[in-house]
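Below are the chains, spelled out letter by letter.
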Amino acid sequence: MLHKSRFGDDPFSASLPETPPSTAVKWANRAARPSRFSGLRLTRLRIGILLLFTGSFVLIHDWIPKLATSRPLHIIDIGNTTIVFQAAFQPPEPGAYRVPDTIDTFQSYKFRNACNVSSLDLHAPFSPLCLDRASMLTAMSSGGRIGHDAPYMPRGCDMRWFTSEEVCEILGRFDKVVLVGDSMLRHMIGSINILIRKDLGYGAVTDWNFSLQERKECFCNEQFDAKSCSVQGIYKTADVLAHDPVSVSCASPINVIMEQIVRFPIPQEELDRLRISVASSSGKVEAIVFGHGLWSNLDLMKSLDWFDAVLQAIKNSNTKRWHGLFVTPNAAGKEKPDDWIVTQGNKALMLFEEAVGIEARRRGVEHLGTWNMSIQSNKYDGVHLDMRGNLVKAMMVMNWLNLIEH
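In this report, we go over the structure that sits alongside the text. (Residues numbered from 1 in each chain as written. Predicted model: local features only at pLDDT ≥ 70, side-chain atom pairs only at ≥ 80, totals over all residues. Heavy atoms only, no water.)

### Description of the overall build of the protein chain
So, point 1. Counting its secondary structure elements, the protein chain contains 15 helices and seven strands.
So, point 2. Counting every position in the protein chain, which comprises 406 residues, the buried fraction comes to 46%.
So, point 3. Long-range contacts, defined here as pairs at least 24 residues apart, represent 73% of the contacts in the protein chain between residues at least 6 apart.
So, point 4. Accessible surface, the protein chain as shown: approximately 22,100 Å² in total, 59% of it carbon and sulfur. (Helix = DSSP H or I, 4+ residues; strand = E, 2+ residues; numbered from the N terminus. Buried < 20%, exposed > 50% of the residue type's maximum accessible area, 1.4 Å probe, protein only. Contact = heavy atoms within 4.5 Å. Areas by Shrake-Rupley, 256 points an atom, 1.4 Å probe, with all protein chains shown as cover.)

Below, the structure is given as structure tokens:
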């Protein structure tokens, strides 16, 4: 009879007892096995390649805009290169020539902060630009503002907001620019002087002979006080060059003249003075800007009689190469005296503007209306625009001058 081994079952035929796995062995095996994220580990080689790629991207990013802006201005397309379909007004073209339209060109002007005027408050740029004088005058005459005293925008196509240097270049292409008319044109030449003198505080007036009291009374917007400061207005850029030449930012010679002629019949001495002013002194083109209306109480026939007398004086001066622009009065403000509401109110001004535009074109003179531009702008006294409105009006004329062929 066989006996069982004292050691129990046969070790070669019996299963071994189970032993729990070793934790140390398990983690060692996992460490030796490749991880699913091992391809993302940073090594010195990979870090070097990443830095090289990043540096190349930064260099290319900075180089492309410089290449774009380094192109000559004459080959820049002034079409609407940026289109936002849901926008009512397209953004300005991204060319270097539109940069002044998108920055405050007054930032280097004297008394910029004291007068608190920015060019961005006066004009809102958009695309495209007007390409000729006809479309420019139509757009500027029919443009307006989205809200009271909001930035002005032409309608359909845009105008430029020029820097002082560009204003000087435009004026320098003419033999002279002569303004003939009333106080509204006197304020226009004052605004042109603000632009070429880069002075918002006293650019429109003869501050070189001011007393301390006058410097206080005719500062910033008060320069356009038609009563207190009108006698201190600048009528010729030649006077500025004679008394304060350092204030003029123009490198080339310019000649802007204001002949204040308002009455009809026109006194003979005023006609003689006008003939001298418009007489050509070189072979360059002249520009003559006319303005009239309120002195005739918006009587169309009286203003046309005045206009024809001025045109005859110009003809008698043998001035041959000249372009003319008639600028009709701006809208009336709430401070307009009630006695003048019927004869010089906004309805009468609108009808006068329309009629003068027709008659001016019949006489070979172009026309710029300012009623739409000014109806939602501040008026200094209910009749005359404040400094902001007059600067816009002056820039409108500068855009017309810029498109005249030479």
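Read on, since the account is not over.
### Let's talk about the state of the cysteines
So, point 1. Inspection of the entire model under this criterion finds four disulfides.
So, point 2. At a sulfur-sulfur separation of 1.9 Å, the disulfide partner of Cys 115 is Cys 220. Every disulfide takes its handedness from the sign of the S-S torsion; for Cys 115 and Cys 220 that torsion is -80°, giving left-handed. With a gap of 105 residues between them, Cys 115 in helix α4 (residues 112–115) and Cys 220 in the loop between α8 (212–217) and α9 (237–243) connect regions that are remote in the sequence. (Disulfide = S-S within 2.5 Å.)

### Considerations on the packing of helix α5 (residues 133–142) against helix α15 (residues 387–402)
So, point 1. Across the interface, α5 lies against α15 with an axial gap of 9 Å and an inter-helix angle of 165°. It follows from the interaxial angle that α5 and α15 lie roughly antiparallel. As α5 packs across α15, the resulting crossing turns out to be right-handed. Each of Arg 133, Met 136, Leu 137 and Met 140 in α5 lies in contact with α15, whose residues at this interface are Met 396, Asn 399 and Trp 400.
So, point 2. Tallied by class, the residues present in the contact of α5 with α15 amount to five nonpolar, one polar and one charged. (Axes fitted to C-alpha atoms, helices over the stretch in contact; angles between N-to-C directions. Parallel < 35°, antiparallel > 145°, perpendicular 65-115°, else oblique. Left-handed = near helix turned anticlockwise from the far one by under 90°. Nonpolar A, V, L, I, M, F, W, Y, C, P; charged D, E, K, R; others polar.)

### A word on the nonpolar core
So, point 1. Judged by nonpolar contacts, the single largest core of 59 residues is most densely connected at Phe 106, Leu 171, Leu 179, Met 188, Leu 391 and Leu 401.
So, point 2. Looking at this core, the elements with two or more residues in it are α5, α6 (164–172), β3 (176–181), α7 (183–197), β4 (256–260), β5 (286–291), β6 (322–327) and α15.
So, point 3. Take this core: its biggest share by element is 10 residues, from α15.
So, point 4. In this structure Met 188 touches Leu 179, Val 289, Val 327, Lys 393, Ala 394 and Val 397, once residues within four positions along its chain are discounted.
So, point 5. If you look at the next biggest cluster of nonpolar residues, it comprises 29 residues, including Leu 274, Val 310, Ala 331 and Trp 371. (Core = buried A, V, L, I, M, F, W, Y, C linked by side-chain atoms within 4.5 Å.)

### With respect to the pairing of β4
So, point 1. Within β4, four of the five residues are buried, which leaves the element mostly enclosed by the surrounding structure.
So, point 2. Both β3 and β4 contribute to a ladder of five bridges, which runs parallel. Pairing of Gly 181 across the sheet is with Gln 260, part of β4. (Pairing = 2+ DSSP bridges.)

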